[in-house]
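# Report on the structure
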Amino acid sequence: MKSIVFATNNAHKLAEARAILEGKVEVRSLNDIDCHDDIPETAPTLEGNALMKARWVSERYGVDCFADDTGLEVDALGGEPGVRSARYAPGAGHDSAANMKLLLENLAGKDDRTARFRTVVALITDGKELTVDGKCEGRITESPSGASGFGYDPIFQPAGENRTFAEMSDAEKNAISHRGEAMRRLAELL
Ligand code: IMP
């Protein structure tokens, strides 16, 4: 079977991708190719960051690969944290608890809690670049709930659901999530 590198070491993202791409391609992680680089994500857009990560890996390691970048857009905050979702809380790089706490503080007292996750996946195979995307509409809950998933999952309730992503199984989340949609589009390209 053909193999492709997913430019991440996030175990949740790898499991989500493997569940959808199973039987089509073997998905390898950055650890699997001995890549321990701190890959820059400094573009002003999700698409720019996904391409930046995919190019870094394909150029330096000579492999076919894909990379994703995800943002949580909260309407009452003008689309924030968006592309800055991983580093929303100052000084707290990739600290999900601090990011969620700040988001709940900034939304305190606001009636409009609508939000969406948006994911862009950039694919580089045989030197050609393609991007696909996916999104999931929902709302930010008043407090965290659930222990599955990662990131902002405990405070994101998808539209039409009364549970947060963190209260769902991996399969339930994958069926309706932003990344699930982007990965299914990616599967069509592979
Ligand atoms: P990145 O795409 O890994 O850079 O993610 C940006 C930010 O969004 C990080 O804080 C992640 O924890 C968060 N994030 C990405 N995907 C998800 C998801 O599926 N659920 C909840 N949070 C996510």
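Just above, that's the structure.
### Quick look at the nonpolar core
- One finds Leu72, Val74, Leu103, Ile140, Tyr152, Ile155 and Phe156 to be the most contacted residues of the largest nonpolar core, which totals 19 residues.
- Among the elements of the structure, β3 (65–74), α3 (96–107), β5 (114–125) and β6 (128–140) are those that each provide at least two residues to this core.

### A word on the site of the ligand
- In the region of the ligand, 14 residues are neighbours, and Lys13, Thr70, Asp153, Lys173 and Arg179 sit closest.
- With respect to the ligand, the side chain of Lys13 contributes an N or O atom lying 2.6 Å from an oxygen atom.
- Take Thr70: an N or O atom from its main chain is 2.8 Å from an oxygen atom of the ligand.
- When the ligand is considered free in solution it has 470 Å² of accessible area, and contact with the protein chains removes 93% of it.
- When residues of the shell around the ligand are traced back to their parent elements, those giving at least two are β3 and α5 (178–189).

### A closer look at the packing of helix α1 (residues 11–21) against α5
- Viewed as axis vectors pointing N to C, α1 and α5 meet at an angle of 45°, and their least axial separation amounts to 9 Å. In terms of orientation, α1 lies oblique with respect to α5. α5 is crossed by α1, and the crossing has right-handed handedness. The residues of α5 that touch α1, namely those facing Lys13, Glu16, Ala17, Ile20 and Leu21, are Arg179, Gly180, Met183, Arg184, Leu186 and Ala187.

Cut-offs and rules
Residues numbered from 1 in each chain as written. Predicted model: local features only at pLDDT ≥ 70, side-chain atom pairs only at ≥ 80, totals over all residues. Heavy atoms only, no water. Core = buried A, V, L, I, M, F, W, Y, C linked by side-chain atoms within 4.5 Å. Buried < 20%, exposed > 50% of the residue type's maximum accessible area, 1.4 Å probe, protein only. Helix = DSSP H or I, 4+ residues; strand = E, 2+ residues; numbered from the N terminus. Near = heavy atom within 4 Å. Polar contact = N/O pair within 3.5 Å; in protein donor to acceptor, adjacent residues only side chain to side chain. Areas by Shrake-Rupley, 256 points an atom, 1.4 Å probe, with all protein chains shown as cover. Axes fitted to C-alpha atoms, helices over the stretch in contact; angles between N-to-C directions. Parallel < 35°, antiparallel > 145°, perpendicular 65-115°, else oblique. Left-handed = near helix turned anticlockwise from the far one by under 90°. Contact = heavy atoms within 4.5 Å.

These figures come from the coordinates and say nothing about function on their own.
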